[in-house]
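Notes for the structure review
Residue-level listing of the chains:
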Amino acid sequence: MGGVLRSRFVIYIASALLFVGAWWVAALVAASAGAANILPSPAAVAATVVELARDGEIQRNLFITLWRVFAGFAIAEIIGIVIGTAMGLNPRLEMLADGWIMILLTIPSLAYCIFALLAFGLSETAMIVAIAATTLPYVVVNIWSGVKAVDAGLLDMARAFRVNRWNTLRKVVLPQIMPYIFSSSRYGIGIAWKIAVVVELMGASRGVGYMLNYSFGLFSMTHVLAWTSIVVMVMLFIELVAIRLIEEHVLAWRPKAH
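Since this is a predicted model, take the numbers as computed values, not measurements.

**Some remarks on the environment of Glu 77**
Residue placement: Glu 77 occurs in helix α3 (residues 57–89). Considering only alpha carbons, one finds Glu 77 and Ser 184, 107 residues apart in sequence, at a separation of 7.9 Å.

In structure tokens:
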């Protein structure tokens, strides 16, 4: 496993360096054409990130966005796991909820933001509700698919041995849908980040979305790219370090593909 993780790390680093190199060349071309303000160099963006950290802007705005993202995502993940599992195990509930979940998926994310802001005003509650409501149907669909993929033979065996419903969920269903839970976590956090930035653009006085809007008002591409880079770095850390390590630990029992 260590060798696999190291090889992945090398590939990620190599691709990141390739991207930065291409960005640097494009920035040199833009500068030679007198458009340095349109595409600043990686060095200029990195210097701006350092400046934002030194001035405390990252600490003041990033952590409040992280709180909103994780609060909304946690609500969506918990409710989504319950609903998705229930739909997967209960055909009647599946028939009843299937259409409504599809409707929720088709509602634009911006509409959820507007609904929440109208209902709760310019408040933390509105932002968290918007994030949770947007993320929820995606989590439900993922978990629902996972439960439908559970080995029916194991469920029949549990029924034959009169295993109660709670133990069936805990010892048969849950271990088999864990990959789907981690998949929904990756997808859900990504969606939560995007909707958090949008809702902050619309009604926040702090946060990454607010700072992106502020940078746009200054017509500063360097600051826009700096805040975008901060979001990307945080998301990569969450995905490649936090979620990946937890997943490797929780799913250590699964045989590895060679």
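Back to the write-up after that little detour.
**Focus on the packing of helix α6 (residues 124–148) against helix α8 (residues 165–203)**
At their nearest, the axes of α6 and α8 sit 8 Å apart, and the two run at 155° to each other. Accordingly, the angle class assigned to the pair α6 and α8 is roughly antiparallel. Where α6 crosses over α8, the two elements pack in a sense that is right-handed. Here the residues of the contact of α6 with α8 are counted per class, giving 17 nonpolar, nine polar and one charged.

**Quick word on the pattern of salt bridges**
Scanning the entire structure with this criterion turns up four salt bridges. Across the pair Arg 68 and Glu 124 runs a salt bridge whose closest N-O atoms are separated by 2.6 Å. One end of the pair, Arg 68, is in helix α3; the other, Glu 124, is in helix α6, and 56 residues separate them in sequence. Judged by its relative accessible area of 3%, Arg 68 falls in the buried class. For Glu 124, a relative accessible area of 30% corresponds to the partly exposed category. Connected through salt bridges with shared partners, the residues Arg 68, Glu 124 and Glu 200 form a single ionic network.

What counts, and at which threshold
Residues numbered from 1 in each chain as written. Predicted model: local features only at pLDDT ≥ 70, side-chain atom pairs only at ≥ 80, totals over all residues. Heavy atoms only, no water. Helix = DSSP H or I, 4+ residues; strand = E, 2+ residues; numbered from the N terminus. Axes fitted to C-alpha atoms, helices over the stretch in contact; angles between N-to-C directions. Parallel < 35°, antiparallel > 145°, perpendicular 65-115°, else oblique. Left-handed = near helix turned anticlockwise from the far one by under 90°. Nonpolar A, V, L, I, M, F, W, Y, C, P; charged D, E, K, R; others polar. Salt bridge = Lys/Arg side-chain N within 4 Å of Asp/Glu carboxyl O. Buried < 20%, exposed > 50% of the residue type's maximum accessible area, 1.4 Å probe, protein only.

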